[in-house]
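Structural characterization, general
What follows is the residue order along each chain.
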Amino acid sequence: MFATFLIGLREGLEAALIVGILVAYLSRLGRRDVLPRLWIGVGLAIALSVALGAIFTFGAFALTFEAQEIIGGLLSLAAVAMVTWMIFWMQRAGRTLKNTLHAEIDRALASTTLWGLVVIGFISVAREGIETTLLLWTMVQSFGNAPEALLGALVGLLTAVVLGWLLARGMLRLDLRRFFTWTGAFLIVVAAGVLAYGIHDLQEAGVLPGPFTSLAPVDPVTGAAAIGWLGFPFGWAFDVSAVITPGGPLAAILQAIVGFMPRMSWLQVLAWAAYVGVVAFVFVRNVREHKPSVAAAPTSAATSAATSAQASADFSPSSPDPTQQGAL
């Protein structure tokens, strides 16, 4: 529940901030009359996300086991790709996001039909909505359709809406750079777990070589797929099911946080390690490149607090200066 809560909170807050910026800019221009078109786009994006979730959930019942595993594995890979792209997109575009959105609004208002506002509203929310749907669906599947996972995501989304509204009203100051940095790091680990689970699905379906196929090394004593170094590369890397019960509370917590499963194949472990190693390296490097200079840091606690508040205000939709850049 905690893992899906953070996912819903982060993705929901991204969408809430973007929509808040668009609404605030239209209000500042005195064009609240076109807000319904923007909300139509937002509503269509939400409807698309819900529809995709329903299709993934109920459509799988009519498929064979192998087909379900293949689709589940491919959707897991798609979710990992989208999450990775969004993490780095937010790092790159967050600092100029406000100006970019303002420019898109200006172009849409210059059109005679104004239907471009529907497109802006749709795209702004659909990116986070589809990503959240894919990520949550794959996580819920790995948890055995646990209702707690969906409840956590719902609470996270509602919290994000409240925070976005408070930020837009100037009633809350939030260090957005730090928030998205920490949640981005958390999403990297979550995405690695989703990648490992997707590989498990594809191995069960026989698409990838693994312990369920004839390519798996066989233990000469038990006759089953070998475990440990004897099982490299297509057997089991480890099996601690006797210590950590599969499907139990501890197993669910570890799987939600770090993608750990009591029994994992070598291909799962190698993919998890490679993904975390490469993506985390690039992520940390980007964070360091865009870290504020220490020499320019304020010397007093009061000045530091004021600067932090101003950084949040720069990204806040209620900022009076439309040329200010985002705090990210």
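Residues numbered from 1 in each chain as written. Predicted model: local features only at pLDDT ≥ 70, side-chain atom pairs only at ≥ 80, totals over all residues. Heavy atoms only, no water.

**A look at the overall build of the protein chain**
- Looking only at helices and strands, the protein chain has 10 helices and 2 strands in total.
- Ordered by position from the N terminus, the helices and strands of the protein chain form the series α-α-α-α-α-α-α-β-α-β-α-α.
- The buried share of the protein chain, taken over its 328 residues, is 45%.
- Sequence-distant contacts, at least 24 apart, represent 75% of the contacts inside the protein chain between residues at least 6 apart.
- Entry remark: accessible area of the protein chain is about 15900 Å², with carbon and sulfur atoms responsible for 71%. (Helix = DSSP H or I, 4+ residues; strand = E, 2+ residues; numbered from the N terminus. Buried < 20%, exposed > 50% of the residue type's maximum accessible area, 1.4 Å probe, protein only. Contact = heavy atoms within 4.5 Å. Areas by Shrake-Rupley, 256 points an atom, 1.4 Å probe, with all protein chains shown as cover.)

**Overview of the pattern of salt bridges**
- Within the structure shown, the criterion is met by 3 salt bridges.
- Note that E11 and R10 form a salt bridge whose closest N and O atoms lie 3.7 Å from each other.
- Assessed through its relative accessible area of 2%, E11 is described here as buried.
- Between R31 and D33 there is a salt bridge; the shortest N-O distance is 3.1 Å.
- With relative accessibility at 25%, the residue R31 sits in the partly exposed group.
- Linked by salt bridges that have partners in common, R10, E11 and E14 make up one network. (Salt bridge = Lys/Arg side-chain N within 4 Å of Asp/Glu carboxyl O.)

**What about the packing of helix α1 (residues 2–28) against helix α6 (residues 147–168)?**
- Relative to each other, α1 and α6 sit at 30 degrees, their axes nearing to 7 Å. α1 and α6 meet at a crossing whose hand is right-handed. Taken together, the residues of α6 that come into contact with α1 (itself represented by T4, F5, G8, L9, G12, L13, A16 and L17) are E148, A149, G152, A153, V155, G156, L157, T159, A160, L163, G164 and L167. (Axes fitted to C-alpha atoms, helices over the stretch in contact; angles between N-to-C directions. Left-handed = near helix turned anticlockwise from the far one by under 90°.)

**What to know about the side chain of E14**
- As for its position among the elements, E14 is in helix α1.
- What makes E14 buried here is its relative accessible area of 0%.
- With near-sequence residues (within four places) excluded, E14 lies in contact with M86, M90, E128 and F180.

**A few points about the nonpolar core**
- In this structure, I105, L135 and Y275 are the most contacted members of the largest nonpolar core, which totals 59 residues.
- Of all the elements in the fold, those that place two or more residues in this core are α1, α2 (35–59), α3 (65–93), α4 (97–109), α5 (116–142), α6, α7 (176–204) and α9 (266–289).
- Ranked by residues supplied to this core, first place goes to α1 with 13 residues.
- In contact with I105, other than residues within four places in its own chain, are L22, Y25, L26, L29, L117 and I120.
- Judged by nonpolar contacts, the second largest core, of 5 residues, contains F56, L75, A79 and L134. (Core = buried A, V, L, I, M, F, W, Y, C linked by side-chain atoms within 4.5 Å.)

**What about the side chain of D201?**
- Its location among the elements puts D201 in helix α7.
- Buried charge without a partner: D201 forms no salt bridge, and the closest opposite charge is R263, 12 Å away. (Lys, Arg positive; Asp, Glu negative; His and termini not counted.)

**Digging into the packing of α1 against α4**
- Put simply, α1 and α4 touch, their axes get as near as 10 Å, and they point 55 degrees apart. In this view, α1 runs oblique relative to α4, as classed from their interaxial angle. The interaxial crossing formed by α1 with α4 has right-handed handedness. Between α1 and α4, the residues in contact are I18, I21, L22, Y25, L26 and R28 and L97, K98, L101, H102, I105, D106 and L109, respectively.
- Residue classes in the contact of α1 with α4 are distributed as 9 nonpolar, 1 polar and 3 charged. (Parallel < 35°, antiparallel > 145°, perpendicular 65-115°, else oblique. Nonpolar A, V, L, I, M, F, W, Y, C, P; charged D, E, K, R; others polar.)

**Thoughts on helix α8 (residues 249–258)**
- Taken together, the buried positions of α8 are A251, Q255 and A256. Viewed along the axis of α8, the buried residues span an arc of 125 degrees, placing them on a single side of the element. (Arc of directions from axis to C-beta.)

**Points about a nonpolar patch on the surface**
- Together, M1, L151, L154, V155 and L158 make up a nonpolar patch on the protein surface, roughly 450 Å² of accessible area in all.
- By relative accessible area, which is 47% here, L154 ends up partly exposed. (Patch = residues over 30% accessible without salt bridge, like charges linked within 9 Å, V, L, I, M, F, W, Y side chains within 5 Å.)

**Examining the packing of aromatic side chains**
- Scanning the model with the defined rule gives 7 aromatic pairs in all.
- Aromatic pair F212 and W236: ring centres 5.6 Å apart, planes at 85 degrees, arrangement edge-to-face. On the criterion of sequence distance, the pair formed by F212 in the loop between α7 and β1 (236–239) and W236 in strand β1 is long-range, its members being 24 residues apart.
- Taking relative accessible area as the criterion, W236 reaches 5% and is therefore assigned buried.
- Centroid distance W229 to F232: 6.4 Å. Interplanar angle 50 degrees. Geometry classified as tilted.
- Among the aromatic residues, those joined into a cluster by ring pairs are W229, F232 and W266. (Phe/Tyr/Trp six-rings, centres within 6.5 Å; stacked < 30°, edge-to-face > 60°.)

**Topic: the environment of I188**
- Checked against the element boundaries, I188 lands in helix α7.
- A relative accessible area of 3% places I188 in the buried class.
- In this structure the C-alpha to C-alpha distance between I188 and V279, which are 91 residues apart in sequence, comes to 7.2 Å.

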